[in-house]
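Topology and contacts: notes
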Amino acid sequence: MRLHNVTIKLVSAIKNSEGKIDPNAKEVESKELGFGSKAILITLNDEQEVIDVIAKDTTKPEFTKTKDEYEITEGDKLPDIKKDFEAKDLSDVTISVNTDEVKNDKAGEYKATVTATDTSGNKTEHEVTITVKEKPKQTVSTPSYSGGSSSGSTSSGGGSSSGSGSSSNSGSTASQSYHNSSYAQGVFQIVNEERAKAGLPALSWANDLASAANIRAEELVQNLSHTRPDGSVCFTIFPSGYPWMGENIAWGQTTPADAMNWWMNSPGHRANVLKEEYKYLGVGCYYHSGRYYWVQAFGG
């Protein structure tokens, strides 16, 4: 017997309910089929046979852009690692990052894993190193300021007190406005004296918190509360990276000792001063139109 009219096609058509594929189904190149279940159509003397085949993707994605090392400081947010990675593959690729073992609040060297996964489940991993540096301890010199007390009444609510007395800054007038860094340092010193009395460790001065405190002190001129003039809460001006944050405010007191005396006699404010979770402090003192405005910005 002589065979004739034998054709073999690699086709992409789907079989009908009878298991048949149209003999005229478009023939395609194997590279155009992609992966998954396919069919080979064999036609012999006007009869056809279908052979199912499965095209598998076993090729792993390949990274075309990577980065090996990152460095942050304690309390900083983790870097956006994904943006530094790209990968190619025969199909679409998804890039994921696992930082479960990284502690951004504790100094040390940690490992993170970047994984590229294609639609067939093939994976390629790349390990990166994240170094968390210890947050620098800032030292300050002992401030010089005039102590003393002021007479007056303290309100039972809010964070204000009215007092009489004069500023220790020579040559100042009621029309002047300025930040008094010496008074701010005076408050910082007394805070650590109070913490020492309570058996607590001293706080470290933080310039970023002090910058926020100075802004808040100016804002108190417009709004005497923990809400900023734009309606947002006070912490929107605080630097990121502090798991614990707190704010004490006061106005009207004429010396650091007066301000601290008011805070330490207010249970809520005293609790902030003596909070164990806090490690850092920045203080702002702003003089405007004959009155001082005081802010303590705590971070832990």
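Residues numbered from 1 in each chain as written. Predicted model: local features only at pLDDT ≥ 70, side-chain atom pairs only at ≥ 80, totals over all residues. Heavy atoms only, no water.

1. So, the sheet that holds strand β5 (residues 69-73)
Spatially, four strands are ordered β5-β9-β8-β7 in an open sheet, and the strand pairing comes out mixed. Looking along the sheet, the strands with just one partner apiece sit at the ends: β5 and β7 (93-98). On average, each strand axis in the sheet is inclined to that of its neighbour by 25 degrees, with strand direction left out of account. One ladder, built from five bridges, connects β5 with strand β9 (residues 123-133); its direction is parallel. Residue pairing across strands places E69 opposite T129, the latter belonging to β9. (Pairing = 2+ DSSP bridges. Helix = DSSP H or I, 4+ residues; strand = E, 2+ residues; numbered from the N terminus. Axes fitted to C-alpha atoms, helices over the stretch in contact; angles between N-to-C directions.)

2. Focus: unusual backbone geometry
Phi at S289 takes a positive value of approximately 50 degrees, unusual for a residue other than glycine. When you line up the elements, S289 lands in the loop between β13 (280-288) and β14 (291-299). The exposure class of S289 is partly exposed, given its relative accessible area of 47%. (Buried < 20%, exposed > 50% of the residue type's maximum accessible area, 1.4 Å probe, protein only.)

3. Focus: the nonpolar core
Residues M260, W263 and W294 are the most contacted members of the largest nonpolar core, which totals 26 residues. Looking at this core, the elements that each hand over two or more residues are α2 (181-197), α4 (256-264), β13 and β14. Top element by residues in this core is α2. It accounts for six residues. Membership of the second largest hydrophobic core comes to 15 residues, among which are A206, A212, I249 and Y286. (Core = buried A, V, L, I, M, F, W, Y, C linked by side-chain atoms within 4.5 Å.)

4. Focus on the packing of aromatic side chains
For any pair of aromatic rings, the description consists of the separation of the ring centres together with the inter-plane angle of the planes. The full count for this structure, using the stated rule, is ten aromatic pairs. Residues F188 and W205 carry aromatic rings whose centres are separated by 5.2 Å and whose planes lie at 85 degrees to one another, so their mutual orientation is edge-to-face. With F188 in helix α2 and W205 in strand β11 (residues 204-205), this residue pair connects regions lying 17 residues apart in the sequence. This pair shows no difference in class: F188 is buried, exactly as W205 is. Above the plane of the ring of Y278 lies K275, whose end atom (NZ or CZ) is 5.8 Å from the centre. (Phe/Tyr/Trp six-rings, centres within 6.5 Å; stacked < 30°, edge-to-face > 60°. Lys NZ or Arg CZ within 6 Å of the ring centre and 35° of its normal.)

5. Here we look at the pattern of salt bridges
One pass over the full model with this rule turns up six salt bridges. The partner of R228 in a salt bridge is E219, with the nearest N and O atoms 2.6 Å apart. For R228, a relative accessible area of 14% corresponds to the buried category. Via salt bridges that share partners, R216, E219, R228 and E247 belong to a single interconnected network. (Salt bridge = Lys/Arg side-chain N within 4 Å of Asp/Glu carboxyl O.)

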